[in-house]
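Architecture and fold: a report
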Amino acid sequence: MSITWQIQRLAGIPALLAWREAIGERLPVVLWLHGYTVDKQTNRAELEFFAQAGFLAVAVDAPGHGERRRADDAPDDSLSPRQREQRLRAIVAQSVAEMPAIIDALAGSELADVRRLAVCGVSMGAC
């Protein structure tokens, strides 16, 4: 079965959505959080797996990543280990703070059943 891919903004946050044809009902959601220094496109294979299984698979760019990366962000290799850890902690904290708005945006869509929602990720996204 073919997968539909769509890029959109959820609460102003760049997101990649994947789903297979629905049968007129809202889909359970898997919200995927990517690792450090990559973006929402990195785990397309995982999103496709969840979409094939009948979920609405959603990946968002973490703060400072992907479309949210700012030109003035210091390159990671220029930071001390302590600065990298502080950056990582700040990204995780901001990501957590954004979850309610992302979920509310999904709840307003015709695709998502946020009463059936899982959040998962890898590396930084698993924090």
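Bear in mind the structure is a predicted one, so any value in this text is a computation, not a measurement.

Thoughts on the nonpolar core
If you look at the biggest cluster of nonpolar residues, it comprises 16 residues, and the most contacted ones within it are Leu31, Leu56, Val58, Val60, Ile102 and Leu106. Elements that contribute at least two residues to this core include exactly strand 2 (13-20), strand 3 (27-33), strand 4 (56-60) and helix 2 (81-107). Discounting residues that sit within four places of it in the chain, Val58 has contacts with Leu10, Ala15, Leu16, Leu17, Val29, Val30, Leu31, Trp32, Leu47 and Leu106. Counting residues in each nonpolar core, the second largest holds 10 residues, with Ile3, Ala18, Trp32 and Ala51 among its members.

Examining the pattern of salt bridges
Enumeration over the complete set of coordinates arrives at seven salt bridges. A salt bridge links Arg9 to Glu67; the shortest N-O distance between them is 3.5 Å. Of this pair, Arg9 sits in strand 1 (residues 3-10) while Glu67 sits in the loop between strand 4 and helix 2, placing them 58 residues apart in sequence. Judged by its relative accessible area of 46%, Glu67 falls in the partly exposed class.

Some points on the layout of surface pockets
Estimated volume of the largest pocket: approximately 320 Å³. Together, 16 residues line the largest pocket, and Pro63, Gly64, Asp73, Arg87 and Ile91 are the ones closest to its centre. The residue makeup of the lining of the largest pocket, split by class, is five nonpolar, five polar and six charged. Lining the second largest pocket are 18 residues, with Leu33, Ser95, Val96, Met99 and Gly125 positioned closest to its centre. For the lining of the second largest pocket, the element with the most residues is helix 2, which contributes six residues. Classifying every residue of the lining of the second largest pocket by side-chain character gives 12 nonpolar, three polar and three charged.

As for the packing of aromatic side chains
Counted according to the given criterion, the structure contains three aromatic pairs. A ring pair is formed by Trp32 and Phe50, whose centres lie 6.4 Å apart and whose planes are at 45°; its orientation type is tilted. Pair noted here: Trp32 is in strand 3 and Phe50 is in helix 1 (residues 44-52), with a separation of 18 residues, a long-range link. Side by side, Trp32 and Phe50 carry an identical accessibility label, which is buried. Ring geometry for Phe49 and Phe50: centres 5.5 Å apart, planes at 75°, overall edge-to-face. With a relative accessible area of 57%, Phe49 lands in the exposed category. Phe50 gets classed as buried once you look at its relative accessible area, which sits at 18%. Note that Arg44 overlies the ring of Trp5, its terminal NZ or CZ placed 3.9 Å from the centroid.

Calculation rules
- Residues numbered from 1 in each chain as written.
- Predicted model: local features only at pLDDT ≥ 70, side-chain atom pairs only at ≥ 80, totals over all residues.
- Heavy atoms only, no water.
- Core = buried A, V, L, I, M, F, W, Y, C linked by side-chain atoms within 4.5 Å.
- Buried < 20%, exposed > 50% of the residue type's maximum accessible area, 1.4 Å probe, protein only.
- Helix = DSSP H or I, 4+ residues; strand = E, 2+ residues; numbered from the N terminus.
- Contact = heavy atoms within 4.5 Å.
- Salt bridge = Lys/Arg side-chain N within 4 Å of Asp/Glu carboxyl O.
- 1 Å grid on protein atoms, 1.4 Å probe; cavity = no way out; pocket = protein on both sides within 12 Å on 5 of 7 lines; lining within 4 Å.
- Points joined across faces, edges and corners; volume = space filled by probe spheres on them.
- Nonpolar A, V, L, I, M, F, W, Y, C, P; charged D, E, K, R; others polar.
- Phe/Tyr/Trp six-rings, centres within 6.5 Å; stacked < 30°, edge-to-face > 60°.
- Lys NZ or Arg CZ within 6 Å of the ring centre and 35° of its normal.

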